[in-house]
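Here's the letter readout for the chains.
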Amino acid sequence: MSFSEDLSDAEIATYLARYLGRADQVFGAAAPPIYQTSTHTFENWDALSNAFDDRINTPFYGRQLNPTVQLAEQVLARLAGAERARLFGSGMAAITAALLASLKTGDHLVAVNGIYGPAGRFLSSWLPQKAGVTTSFVSAMDCDAFVQACTSRTRVIYLETPSSGHFELQDIAGIAEAVKDRDIRIIVDNTWATPLRQRPLALGAHLEIHSASKYLGGHSDLIAGVLLGNAELIEAITNDEAELLGARLAPQDAWLLLRGLRTLPLRLDAHERNGLIVAEWLAAHAKVSRVSHPGLASHPQHELAKRQMSGSSSLFSFALASEDLAAVKRFFNALQLFGRGVSWGGHESLIFAPAISAIKEQSAERFKAMGFSISDMRISVGLEHPEDLIADLEQALQAL
Ligand SMILES: Cc1ncc(COP(=O)(O)O)c(C=O)c1O
């Protein structure tokens, strides 16, 4: 179900540049003001009482609603075709709020393998140990596996498509259709594709999540998360998980997010173009044994990618043709342009090796069982010229 009319690419570009014509009412400022306030005051008893009655829309205390945060929420809801958006202090705060709002003790959830690490840990450790919720993890590649894993207690199917671990896709519409008559909420982490490339709510999902710390913010200067869905659901989460757990976004960060969103279509086009150029170059290189990028025809789910998304972004993985840790480190350390670090979706290109964190957190066997190897590299292709990035990768591959 789509909540609002679908916007064309042209409408999105103009809308983001002008924020629906909403400018500062007093001075006509071209950039929206930052309402750096914790509280709001009212004329009299009735006005304050009315604010409480309409607490979803009327700011009276910063943890509940701030006008700058509200503006960013309106823009994001419009982009995703959602009735409502609610911003949180991080993507993880949005994920945990969505899951805590959807599950109670005794419930079961089905999740896809290979999701973002801390989200996976919340599902596999925190929820069972502290809330009595059990989770079954299933393979992304098999649509039927999600349905078969559901029991009478299943209340949530949690997807991340493409998954940020292995870049595997899940068929959102197929899964939604298969469980449409059951009391199961479908939650999709849509961070990789952004609302410009994939529309989970229109495909049958109930809640869409983004870490806005990635492409939505886009400048590596912000940690934020957003939940998108119908008004009833987002209002319930606003009154409970957002209000009670309190992990709301601050106004300065909402302003940075608004600033990033203005150029999202331009940035994403450049990320997509650069990402594909670099991925195709790596796929043809003798010292690279595999490239996993849903936008490449060699990706096993490329047909689903074309059907479900209108394009791609620029986070993907590849494997070096050597399993020797010393050689892999030589390649990694030889890079000069790529930043070595976590996160993705910003203006700058970054590289990370899953083995760096996994070696500390789990056994070599578990790492392998999760489908990773020491030679796996994950890169986020930024806005640099792709020829410069390729030159950097080439000289580092020579060090392998
Ligand atoms: C796919 C995905 N979802 C969610 C998150 C969590 O977002 P945040 O870091 O904003 O809490 C991340 C962070 O890297 C991510 O990669």
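Above this text sits the structure in question.
Residues numbered from 1 in each chain as written. Predicted model: local features only at pLDDT ≥ 70, side-chain atom pairs only at ≥ 80, totals over all residues. Heavy atoms only, no water.

Section: the site of the ligand
Next up, step 1: The local shell around the ligand holds 14 residues, among which Gly91, Met92, Asp189, Ser213 and Lys214 are the closest.
Next up, step 2: Contacts to the ligand include Met92, whose backbone N or O atom sits 2.8 Å from an oxygen atom.
Next up, step 3: For the ligand, an oxygen atom lies 2.8 Å from a polar atom in the side chain of Lys214.
Next up, step 4: For the ligand, the protein covers 91% of the area, taking 390 Å² as the surface of the free molecule.
Next up, step 5: If one sorts the elements of the shell around the ligand by residue count, helix H4 (residues 91-102) sits on top with three residues.
Next up, step 6: A breakdown of the residues in the shell around the ligand according to their chemical character gives five nonpolar, six polar and three charged. (Near = heavy atom within 4 Å. Polar contact = N/O pair within 3.5 Å; in protein donor to acceptor, adjacent residues only side chain to side chain. Areas by Shrake-Rupley, 256 points an atom, 1.4 Å probe, with all protein chains shown as cover. Helix = DSSP H or I, 4+ residues; strand = E, 2+ residues; numbered from the N terminus. Nonpolar A, V, L, I, M, F, W, Y, C, P; charged D, E, K, R; others polar.)

Some details on the environment of Gly81
Next up, step 1: Positionally, Gly81 belongs in the loop between helix H3 (67-80) and strand S1 (84-88).
Next up, step 2: Along the backbone, Gly81 and Arg199 are 118 residues apart, and their C-alpha atoms lie at a distance of 7.9 Å.

As for the sheet that holds strand S9 (residues 315-320)
Next up, step 1: Taken in spatial order, the five strands line up as S8-S9-S12-S11-S10 in an open sheet, and their pairing is mixed. A strand with exactly one partner marks an edge of an open sheet, and here the two such strands are strand S8 (288-292) and strand S10 (339-340).
Next up, step 2: Judged from the four bridges that link them, S8 and S9 form a sheet pairing that is antiparallel. Among the inter-strand pairings, Ser292 is bridged to a residue of S9, identified as Ser317. (Pairing = 2+ DSSP bridges.)

Some details on unusual backbone geometry
Next up, step 1: Following Thr161, the chain continues to Pro162 via a peptide bond in cis, the omega torsion being -10°.
Next up, step 2: One non-glycine residue with positive phi stands out, namely Phe167, at about 60°.
Next up, step 3: Topologically, Phe167 is positioned in the loop between strand S4 (154-160) and helix H7 (172-178).
Next up, step 4: The buried category is assigned to Phe167, whose relative accessible area is 0%.
Next up, step 5: Of note in the backbone geometry, Ser220 takes a positive phi value of approximately 55° without being a glycine.
Next up, step 6: You can see Ser220 is positioned in the loop between strand S6 (207-211) and strand S7 (225-229).
Next up, step 7: Exposure remark for Ser220: the relative accessible area of 44% places this residue in the partly exposed category. (Buried < 20%, exposed > 50% of the residue type's maximum accessible area, 1.4 Å probe, protein only.)

Describing the pairing of S6
Next up, step 1: In terms of burial, S6 is largely enclosed, as five of its five residues are buried.
Next up, step 2: Of the two faces of S6, the one lined by Leu207, Ile209 and Ser211 and the one lined by Glu208 and His210 are each fully buried.
Next up, step 3: Bridge count between strand S5 (residues 185-189) and S6: three bridges; the pairing is parallel. Across the sheet, residue Ile187 finds its bridge partner in S6, namely Leu207.
Next up, step 4: Pairing of S6 with S7 involves five bridges; the strand directions are antiparallel. By the bridge assignment, Leu207 is partnered in S7 with Gly229.

Describing the environment of Glu241
Next up, step 1: Mapped onto the secondary structure, Glu241 falls in helix H9 (residues 231-245).
Next up, step 2: Classification of Glu241 as buried rests on a relative accessible area of 15%.
Next up, step 3: Separated by 142 residues in sequence, Glu241 and Leu99 have C-alpha atoms that sit 9.7 Å apart.
Next up, step 4: Residues contacting Glu241, with those up to four places away along its chain left out, are Ala97, Leu100, Ala101, Ala236 and Gly246. (Contact = heavy atoms within 4.5 Å.)

Focus on the packing of H4 against helix H5 (residues 117-131)
Next up, step 1: In contact at an axis separation of 10 Å, H4 and H5 are set at 35° when each is read in the N-to-C sense. When you trace H4 past H5, the crossing you get is right-handed. Packed against H4, whose contacting residues are Met92, Ile95, Thr96, Leu99 and Leu100, the element H5 presents Pro118, Ala119, Phe122, Leu123, Trp126 and Leu127 at the interface.
Next up, step 2: Among the residues making up the contact of H4 with H5, the classes are represented as ten nonpolar, one polar and no charged. (Axes fitted to C-alpha atoms, helices over the stretch in contact; angles between N-to-C directions. Left-handed = near helix turned anticlockwise from the far one by under 90°.)

As for the pattern of salt bridges
Next up, step 1: Taken as a whole and assessed by the stated rule, the structure comprises 13 salt bridges.
Next up, step 2: For Lys104, the salt bridge identified is with Asp107, shortest N-O distance 3.3 Å.
Next up, step 3: The exposure class assigned to Asp107 is buried, which follows from its relative accessible area of 6%.
Next up, step 4: Of the charged contacts, one joins Arg307 and Asp171 as a salt bridge, the two residues approaching to 3.4 Å between their closest N and O atoms. (Salt bridge = Lys/Arg side-chain N within 4 Å of Asp/Glu carboxyl O.)

Points about the sheet that holds strand S2 (residues 108-112)
Next up, step 1: Spatial strand order, S1-S7-S6-S5-S4-S2-S3: seven strands in an open sheet with mixed pairing. Sheet topology places S1 and strand S3 (134-138) at the edges, where each strand pairs with a single neighbour. Sheet twist, expressed as the mean angle between neighbouring strand axes with direction ignored, is 20°.
Next up, step 2: Lying on the sheet, H4 is in contact with S1, S4, S5, S6 and S7; it crosses S6 at an angle near 155°.

Brief notes about the side chain of Ser314
Next up, step 1: Checked against the element boundaries, Ser314 lands in the loop between helix H12 (302-308) and S9.
Next up, step 2: Of the polar contacts made by the side chain of Ser314, one reaches the side chain of His271; its length is 3.4 Å.

Regarding the packing of aromatic side chains
Next up, step 1: Per the counting criterion, the structure on display carries five aromatic pairs.
Next up, step 2: Plain terms: the ring middles of Phe122 and Trp126 are 5.1 Å apart, the flat faces sit at 20° to each other, and that makes the pair stacked. Residue Phe122 and its partner Trp126 are located together in helix H5, separated by four residues, close to a single helical turn.
Next up, step 3: Accessibility expressed as a relative area gives 36% for Trp126, which makes it partly exposed.
Next up, step 4: Aromatic pair Phe367 and Phe372: ring centres 5.6 Å apart, planes at 15°, arrangement stacked. Note on accessibility: Phe367 and Phe372 belong to one class, buried.
Next up, step 5: The ring of Tyr15 has Arg78 sitting right over it, with the charged end atom 5.0 Å from the ring centre. (Phe/Tyr/Trp six-rings, centres within 6.5 Å; stacked < 30°, edge-to-face > 60°. Lys NZ or Arg CZ within 6 Å of the ring centre and 35° of its normal.)

The quantities given are spatial measurements derived from coordinates; they are silent on function.
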